[in-house]
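Observations on the three-dimensional arrangement
These are the residues of each chain, in order.
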Amino acid sequence: MKHLNFRMYAMVLALVCVWVIFTLLTGGTFLSTRNLSNLSRQAAVTAILAVGMTLVIVSANIDLSVGYGAGLLGAVAAIVHVWWGQPIVVTLLAVICLGILMGLIQGYLVAYQRIPAFIVTLGGFLAYRGLMLAFTKGETILLPDNWLKAIGNAYLSPTLGWGLMIAGLGVGGYRFYRQRAAQLQYGTEKTSPGIFLLKIVGISALIVAFITVMNAHKGVPFPVCILFGLAFVFHFIANHTRFGRYVYAVGGNAEAAYLSGVNVRGITLRVFATMGALMAVAGVVLTARVGSASPEAGRLLELDAIAACVIGGASLMGGRGSIFGAILGAFVMESLNNGMSMANMDASWQDIIKGVVLVAAVGFDMASRQR
C-alpha cells in the first residue's frame, strides 16, 4: 500500500512537470481551458481501456487486442446505427454484448485451453483489424449529429457539474471517514489525523480545480463523466468485492489461489469478459468523439492503455495495481501526446519519448520490487 501511495504521488508530480514543460514550450497554450478540456476528452478513451486493462494485468495476463477491438466495436456501432438505422439504445446494447462475447472467447482460450494470453490477444489484434477493414469496406463512416455523436462531444451544464461535484465530495468524504474508522478500530491505521486531513483537503482541492477549469470552457465533457463513473464502480469492485480480491489473489500466486479454493479459470474468464465490455464502451466513445468510424481507428491504443497501467503502478508480474493509478497514468500518456503535438514535435520523436517513458516506468517497478 505504501508503494502504491508513493507511485501515486510520484505520478502526480510527473504530471505536473509534464504540464509545466509543455506550457513553456507552447507559450501557455497547453494550459488553456480549451486545451485542457480537449485533453480530458482524449484521455477518457485510453483511461477507460486502462480501467479494464488494470484487472487483466493484475490477474497476470495481458490483452494486446483492445486497440483494434475498440476500433472494431466503434465501427459496429456506426454500422448498426447509421447503415442499419437502429435506435441508440439497441446500438449500445448490441455493441456491449458483442464486446463481452469477444472477451469471453479470448478468456476461454486463455483460461480453459491454456493458450498464453500474449498469443491469444495478438491473434485478436490481427483478427479485429481484418474484421474492421471487412466491415467498413475500407471506408470512413460519418456519424450524423444525434445522440450517438453526443456521447463523445456533449458537455454537462456548469450547474449540473457543480452539483455532481458536491455529491461526489460528500460520498467520497463519507467513504474516507468510514475506512479510517474501521482501520482505527482494528489498529491498522498509521496515518496521523493531520496527514489524513491534509490528504482530504488536497484531493478536494484538485476536484474543485478540475470542475472549475472544465466549467470555464463549456462544462465537464460527457466522456469524462463516463470515465469517472466507471472508475468508481470498478474501484469498488477491485477493492471491496470477492471478485476483486480473487483477481489480486490469482495474479499474486495462481497456484496458491487455486489451493485456497479460488476458481482461477472462472476468474480469468470474467476478467477478459469485463475487458471486452469496457473495450466496447471505449470504442463507442472514440467513434462518437471523432464523429466517424475509420479503418485505422484504435491503432496503438493498446500500448497507451498498457503504458498507463504500468505508469500508474500496475506490475506486469501480476498481483498489484490500482484503478485510479491507471487513470492517472492515462492522463500522463495523453498529456505527452497532446503536448508533443502542440509543440509540433516530429512524430518519430514522439514515439521515441513514449517508448522511453514506458521502459523507465517498468524499470522503476522492477527496481522497487527488488528493494
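A brief structural summary. (Residues numbered from 1 in each chain as written. Predicted model: local features only at pLDDT ≥ 70, side-chain atom pairs only at ≥ 80, totals over all residues. Heavy atoms only, no water.)

Right, let's talk about the overall build of the protein for a bit. Along the backbone of the protein there are 15 helices and two strands. The C-alpha radius of gyration of the protein comes to 20 Å, within 12% of the 21 Å expected for a compact globule of 371 residues. Overall, the C-alpha framework of the protein stretches about 60 × 55 × 40 Å when taken along its three principal axes. Per-residue burial for the protein yields a buried fraction of 46% across its 371 residues. Sequence-distant contacts in the protein: of pairs separated by 6 or more residues, those separated by 24 or more amount to 81%. Carbon and sulfur atoms make up 69% of the accessible area of the protein, which totals about 17900 Å². Positive and negative charge centroids in the protein, built from 24 and 12 side chains respectively, lie 12 Å apart. (Helix = DSSP H or I, 4+ residues; strand = E, 2+ residues; numbered from the N terminus. Rg over C-alpha atoms; globule rule 2.2 N^0.38 Å. Buried < 20%, exposed > 50% of the residue type's maximum accessible area, 1.4 Å probe, protein only. Contact = heavy atoms within 4.5 Å. Areas by Shrake-Rupley, 256 points an atom, 1.4 Å probe, with all protein chains shown as cover. Lys, Arg positive; Asp, Glu negative; His and termini not counted. Charge placed at Lys NZ, Arg CZ, Asp CG, Glu CD.)

To continue, consider helix H4 (residues 88–111). If you check H4, its first and last C-alpha atoms are 34 Å apart, about what 24 residues at 1.5 Å a residue would give, namely 34 Å. In this structure, the buried side of H4 is in contact with helix H3 (66–83), helix H5 (117–136) and helix H12 (264–290). (Expected span 1.5 Å × (residues − 1).)

Below, the discussion takes up the packing of helix H2 (residues 33–58) against helix H14 (residues 323–342). Where H2 contacts H14, the axes come no closer than 8 Å and their chain directions differ by 140 degrees. Viewed along their axes, H2 and H14 adopt a mutual orientation that is oblique. Handedness of the H2/H14 crossing: right-handed. Packed against H2, whose contacting residues are Asn35, Leu39, Ser40, Gln42, Ala43, Thr46, Ala47, Ala50, Val51 and Thr54, the element H14 presents Ile323, Ala326, Ile327, Ala330, Phe331, Glu334, Ser335, Asn338 and Met342 at the interface. The residue inventory of the contact of H2 with H14, partitioned by class, reads 11 nonpolar, seven polar and one charged. (Axes fitted to C-alpha atoms, helices over the stretch in contact; angles between N-to-C directions. Parallel < 35°, antiparallel > 145°, perpendicular 65-115°, else oblique. Left-handed = near helix turned anticlockwise from the far one by under 90°. Nonpolar A, V, L, I, M, F, W, Y, C, P; charged D, E, K, R; others polar.)

Turning to the environment of Gly71, a few remarks are in order. Position of Gly71 relative to the elements: it lies in helix H3. What makes Gly71 buried here is its relative accessible area of 2%. With 230 residues separating them in the primary sequence, Gly71 and Leu301 have C-alpha atoms 9.2 Å apart. Among all residues touching Gly71, those that are not within four sequence positions of it are Met132 and Ala297.

These figures come from the coordinates and say nothing about function on their own.
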